[in-house]
Amino acid sequence: MTRTQPDADRPVLVEARGVSLAFGSVKALTDVDLSLRAGEITAIVGDNGAGKSTFVRCLSGIHRPDAGVMTLDGADIDFRSPEDAREAGIETVHQNLALVEDLTVWQNLFLNREIVRGLGPASLLNRRAMQRQAREMVASLAVNVPAVTSRVRRLSGGQRQAVAICRAAGFSSRLVIMDEPTAALGVQETARVEALIRRLRDDGRAVLLVSHNFEQVMRLSDAVWVMRSGRCVAGRRTAQTTGQEIVALVTGAQAA
Amino acid sequence: MASPPPLSPDRPDVSPDPVLDQPGRRPARLARVTDVSLWAEWAAPVGLVILAVVFQLMNSTFLSLGNVKAMLVAAAILVVLSVGQTFAVATGGIDLSVASTMTFGAIVFGLAYAKGAPLPVCCLLALAAGLLVGLVQGLVVGRGRITDFIVTLGGLSVASGLALVVSDGKPTTVISPFLLRLSTQGVGPVGYTVILALAVALLAHVLLFHTRFGTHVLAAGGSPEAATATGISLANIKTAVYAISGLLSGLAAILLVARVGASEPAANMQFLLNSVAAVVLGGVSLMGGRATIAGPVAGALLLTGLTNGLTLLGVSQYYQPVAVGAVVVLAAFLTRFQR
Ligand SMILES: Nc1ncnc2c1ncn2[C@@H]1O[C@H](COP(=O)(O)OP(=O)(O)OP(=O)(O)O)[C@@H](O)[C@H]1O
Ligand SMILES: [Mg+2]
């Protein structure tokens, strides 16, 4: 069975073939095939419960697929933990944000990537260096986070989103995954995040965007994959499709 | 009908009060004082000061050098245990086995001593016994994914049972000039055990706030999902905090043997209650993610001072647990306002 493969001249960065995952009797993913390319924004759309977040979590090392193959740059990947995925250059902005509210902005930005002085077990945190770099990271994204020393608990939803994106974009990641990054944002913040997503692509990174906002998907993405009840049912180059077709594919009114 | 007054620039500005209209300032400072969450965080130090003043007014020997020295020495064991407890609580867990592990460590110490082992070996064995008990519990919590509460409740039972089995229920007298010096002498007015407890607290503070491990402990307690998503291993963190708590229980065992002059298979339950109480008084969130070391240390001093003061006033010993319980519940009530 050949799906409309979104073809392009850029090399494929990640490819999934036959990825399946069940939670007990719930088949969250069934035989998912999809691919995404470096230097492109690839969108995944689908109704609630279609399996988008589950697929994202497989790619970021939280879940391990029951079956199927995933490759990064042609090599098979088998992430046993999120740390493995981060090591491989995959950073994720999760739908539920994944920030620690009681820690400060800079501590969250550097969580598990702390800068230390000294060697081995005797090494101490270099707080000042992390705060300085955190300030630079936040400033370079032009996001209005009050101060990197404030606790995340005190931030608004949009500011938290900005911190999460900042973290994902900040390290030398090859693939940045964003699961509904603008779902809770106002008009201006959404525009800022979209500009940021474009900037990541222009940097040559791959971006995987999960979104329910079809206009946003049409505006931003280079390729779209459609998921329906755990399956990836269609793929299109964004330039060669329309919003109506995507909606029809999502609802099942149109078969792939 | 009066026409509205002409708006001229030279007319004194009446409407916006320049003082009242300034955002923040006075109201902000006032809000800081009335902010209950601030009080919750400072419950232990503030309580300590109030307690010192009240007891001093009622009995002038309370703050005498001799009594302060005695209180600090009496607090040393509790400080060490509370620091260990803090690490467990910071991850959202609790170590109910601290006192029993200490008892077990003390029994191991006494057994080695009775068999003629040199003192350093006895000390190392007590530390190792504590570490082992903690490590096993940590592995069961972390790898076995069983609730902290249940695992350490089991640990409590196992460790105190083992202490009885190993000692056959009998105490061993430990008469050692070194231990005697440790528990009765010091540098100037400050006892060696106090210095030791202080050093433990300082090291713990550095560990919690100036190492990657400490940040990961707070992250794991604050949001397990977020910590996991960044690649932090909850299993490793849990294993480590209970190992730390066990090791400190082993250290407390040495201090206990030095203080009592014997290793007894006693229950030492008040140490468990007081260690949890000190942590709560210290403003550490029982939900995990928020912790200090200074807070629980102040909490331990407060509880020791409370017991000491009541004794000085001639209040029956039987009332002391009642007082401790009341203070702890009050402190827990204050933490409701923590933000
Ligand atoms: N940890 C889990 N345990 C059990 N079932 C799960 C788990 N995670 C997801 N599921 C189930 O898998 C299916 C897919 O969920 P998923 O979160 O991937 O959907 P989604 O496409 O991201 O939806 P949404 O648009 O609402 O975010 C759902 O039926 C969900 O109930
Ligand atoms: Mg989702």
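Not measured: the values here are computed from a predicted model. (Residues numbered from 1 in each chain as written. Chains lettered and ligands numbered in written order. Predicted model: local features only at pLDDT ≥ 70, side-chain atom pairs only at ≥ 80, totals over all residues. Heavy atoms only, no water.)

(A) Expanded view of the overall build of chain B. The secondary structure content of chain B amounts to 15 helices and four strands. Out of the 339 residues in chain B, the part that is buried amounts to 48%. Summed over all atoms, the accessible surface of chain B reaches about 16700 Å², with 71% contributed by carbon and sulfur. (Helix = DSSP H or I, 4+ residues; strand = E, 2+ residues; numbered from the N terminus. Buried < 20%, exposed > 50% of the residue type's maximum accessible area, 1.4 Å probe, protein only. Areas by Shrake-Rupley, 256 points an atom, 1.4 Å probe, with all protein chains shown as cover.)

(B) Layout of the interface of chain B and chain A. Taken together, the 21 residues of chain B in the interface contact 20 residues of chain A. Linking chain B with chain A are one salt bridge. Between Glu114(A) and Arg212(B) there is a salt bridge whose closest N-O contact spans 2.9 Å. Where chain B packs against chain A, one counts eight residue pairs in polar contact (both at pLDDT 80 or more). Of all the elements in the fold, those that place two or more residues in the side of chain B that touches chain A are α9 (192-210), α10 (212-222) and α11 (224-229) of chain B. For the side of chain B that touches chain A, the element with the most residues is α10(B), which contributes six residues. For the side of chain B that touches chain A, the class distribution of residues is seven nonpolar, 11 polar and three charged. (Contact = heavy atoms within 4.5 Å. Salt bridge = Lys/Arg side-chain N within 4 Å of Asp/Glu carboxyl O. Polar contact = N/O pair within 3.5 Å; in protein donor to acceptor, adjacent residues only side chain to side chain. Nonpolar A, V, L, I, M, F, W, Y, C, P; charged D, E, K, R; others polar.)

(C) Representation of the coordination of the magnesium ion (ligand 2). All names here are of chain A. In this structure, Ser53 (OG) and Gln95 (OE1) serve as the protein donors to the magnesium ion (ligand 2), at separations of 1.9 to 2.2 Å. With a gap of 42 residues between them, Ser53 in helix α1 (residues 52-59) and Gln95 in the loop between β6 (90-93) and α3 (105-109) connect regions that are remote in the sequence. Looking at Ser53, the relative accessible area reads 14%, which means it is buried. On the basis of relative accessible area, Gln95 is assigned to the partly exposed category, the value being 41%. (Donors = N, O, S within 2.8 Å, 3.2 Å for Na, K, Ca; no water.)

(D) Representation of unusual backbone geometry within the structure. Residue and element names in this part refer to chain A. Phi is positive for Asn112, close to 65°, though the residue is something other than glycine. Positive phi outside glycine occurs at Glu180, with the angle close to 50°. With respect to the helices and strands, the residue Glu180 is situated in the loop between β9 (175-179) and α6 (187-202). The class of Glu180 is buried, set by a relative accessible area of 15%.

(E) Spotlight on the domain arrangement of chain A. Residues and elements named next belong to chain A. Examined at the domain level, chain A breaks down into domain 1 (1-89 + 173-256) and domain 2 (101-171). A straight line from the C-alpha centre of domain 1 to that of domain 2 covers 27 Å. Between domain 1 and domain 2 the total buried area reaches about 1200 Å² when both faces are included, carbon and sulfur atoms providing 50% of it. There are one salt bridge connecting domain 1 and domain 2. We note a salt bridge from Arg113 to Glu83, for which the minimum N-O separation is 3.5 Å. At the junction of domain 1 and domain 2, the tally comes to six residue pairs in polar contact (both at pLDDT 80 or more). Within the residue set of the side of domain 1 that touches domain 2, elements represented by two or more residues are α2 (82-87), β9 and α6. The residue makeup of the side of domain 1 that touches domain 2, split by class, is seven nonpolar, one polar and seven charged. (Domains from an automatic or database assignment. Buried area = accessible area lost by both parts, 1.4 Å probe.)

(F) Focus on the sheet that holds strand β2 (residues 26-37) of chain A. Residue and element names in this part refer to chain A. Strand order in the open sheet made by the four strands is β2-β1-β4-β5, with antiparallel pairing throughout. Since the sheet does not close on itself, it has two edges, and those belong to β2 and β5 (75-76), each with one partner. Relative to β5, strand β4 (residues 67-72) runs antiparallel, the two sharing two bridges. Residue pairing for β5: Leu72 is matched across the bridge by Ala75. Lying over the sheet, α1 contacts β1 (12-23), β2 and β4, oriented at roughly 65° with respect to β2. (Pairing = 2+ DSSP bridges. Axes fitted to C-alpha atoms, helices over the stretch in contact; angles between N-to-C directions.)

(G) Up close: the pattern of salt bridges. Residues and elements named next belong to chain A. Under the definition given, this model contains 18 salt bridges over all chains. Notably, a salt bridge pairs Glu91 with Arg86, separated by 3.2 Å at the nearest N-O pair. Under the relative-accessibility criterion, Glu91 is labelled buried at 5%. In this structure, Asp203 and Arg205 form a salt bridge, with 3.4 Å as the shortest nitrogen-oxygen distance. The class for Arg205 is buried, based on a relative accessible area of 14%. Where salt bridges share partners, they join Glu101, Asp102, Arg153 and Arg160 into one cluster.

(H) Layout of the site of ligand 1. Residues and elements named next belong to chain A. Around ligand 1 sit 14 residues in total, of which Gly49, Lys52, Ser53, Thr54 and His212 are the nearest. One of the backbone N or O atoms of Gly49 is found 2.8 Å from an oxygen atom in ligand 1. Contact between ligand 1 and Ser53: an oxygen atom at 2.7 Å from a side-chain N or O atom of the residue. Notes on ligand 1: free accessible area 640 Å², of which the protein chains cover 65%. Contributing elements (two or more residues each) for the shell around ligand 1: β2 and α1. Among the elements that take part in the shell around ligand 1, α1 stands out by supplying three residues, more than any other. (Near = heavy atom within 4 Å.)

(I) Layout of empty space enclosed by the protein. For the structure on display, the rule yields four cavities of 30 Å³ or more. One number sums up the size of the largest cavity: a volume of about 110 Å³. When residues of the lining of the largest cavity are traced back to their parent elements, those giving at least two are α2 and β6 of chain A. Among the elements that take part in the lining of the largest cavity, β6(A) stands out by supplying four residues, more than any other. Class assignment for the residues of the lining of the largest cavity results in six nonpolar, four polar and three charged. Its boundaries defined by the atoms lining it, the second largest cavity holds a volume of some 50 Å³. When contributions to the lining of the second largest cavity are tallied by element, the ones reaching two or more residues are α4 (65-90) and α12 (234-260) of chain B. Ranked by the residues each element gives to the lining of the second largest cavity, the list is headed by α4(B), at three residues. Here the lining of the second largest cavity is built from residues that sort into four nonpolar, two polar and one charged. (1 Å grid on protein atoms, 1.4 Å probe; cavity = no way out; pocket = protein on both sides within 12 Å on 5 of 7 lines; lining within 4 Å. Points joined across faces, edges and corners; volume = space filled by probe spheres on them.)

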